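# Structural overview
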Amino acid sequence: MDIGTKVIDIIAEQAILDPADVTLESTLDSLGIDSMGLVESMFAIEEAFDIKIPFNANDPSDSEFNISSVSSIISGIEKLVAEKS
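Heads up: these notes are all about the structure in this document.

With that out of the way, let us pick up unusual backbone geometry. For Ile16, which is not glycine, the phi dihedral falls at a positive 55°. On the secondary structure map, Ile16 appears in the loop between helix H1 (3–15) and helix H2 (35–49). Non-glycine residue Asp50 carries a positive phi angle of around 55°. One can find Asp50 in the loop between H2 and helix H3 (70–84).

The structure is reproduced here in structure tokens:
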């Protein structure tokens, strides 16, 4: 399973949606993921890939990690996974 598919699966699980309903253009807001769901998603992604996301859970807008869309989240995760190896 590639990184993008796994990230989409995790986000879909948090949003209680079918992964097919999560597109690269989707925003977490458009998927109905609130701030608590966002934090849970980030923790689940960190655990799945054994990485640390530079994400400020108290102030997501003050984060160096781009969470503006599913696509940007996947890009960020791919970069972190590549840096880890």
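More follows now that the structure is in view.
What follows covers H3. Residues spaced three or four apart along an α-helix face the same direction, because each turn holds 3.6 residues. Taking 1.5 Å as the rise per residue, H3 with 15 residues should run 21 Å; its terminal C-alpha atoms sit 21 Å apart, in good agreement. Buried within H3 we find Val70, Ser72, Ile73, Ile74, Gly76, Ile77, Leu80 and Val81.

What follows deals with the nonpolar core. Core analysis: the biggest nonpolar cluster contains 26 residues, and Ile11, Ile53, Ile73 and Ile77 have the highest contact counts within it. For this core, the secondary-structure elements that each account for two or more residues are H1, H2 and H3. Beyond its immediate chain neighbours, meaning those up to four positions away, Ile53 contacts Met42, Ile45, Glu46, Phe65, Ile77 and Leu80.

Take the packing of H1 against H3 next. Running from amino to carboxyl end, H1 crosses H3 at an angle of 125°, the nearest separation of the two axes being 10 Å. Taken together, the axes of H1 and H3 are oblique relative to one another. The way H1 lies across H3 gives a crossing that is right-handed. Mapping the contact onto sequence places Ile3, Gly4, Val7, Ile8 and Ile11 in H1 and Val70, Ile73, Ile74, Ile77, Glu78 and Val81 in H3.

Orientation of H1 relative to H2, taken along the N-to-C sense of each, is 145°, at an axis distance of 9 Å. The element H1 and its partner H2 pack so that their crossing is right-handed. Only Gly37, Glu40, Ser41, Ala44, Ile45, Ala48 and Phe49 of H2 make contact with H1, whose side of the interface consists of Ile3, Lys6, Val7, Ile10 and Gln14. Per-class residue counts for the contact of H1 with H2 are 7 nonpolar, 3 polar and 2 charged.

Thresholds, definitions, all that
Residues numbered from 1 in each chain as written. Predicted model: local features only at pLDDT ≥ 70, side-chain atom pairs only at ≥ 80, totals over all residues. Heavy atoms only, no water. Helix = DSSP H or I, 4+ residues; strand = E, 2+ residues; numbered from the N terminus. Expected span 1.5 Å × (residues − 1). Buried < 20%, exposed > 50% of the residue type's maximum accessible area, 1.4 Å probe, protein only. Core = buried A, V, L, I, M, F, W, Y, C linked by side-chain atoms within 4.5 Å. Contact = heavy atoms within 4.5 Å. Axes fitted to C-alpha atoms, helices over the stretch in contact; angles between N-to-C directions. Parallel < 35°, antiparallel > 145°, perpendicular 65-115°, else oblique. Left-handed = near helix turned anticlockwise from the far one by under 90°. Nonpolar A, V, L, I, M, F, W, Y, C, P; charged D, E, K, R; others polar.

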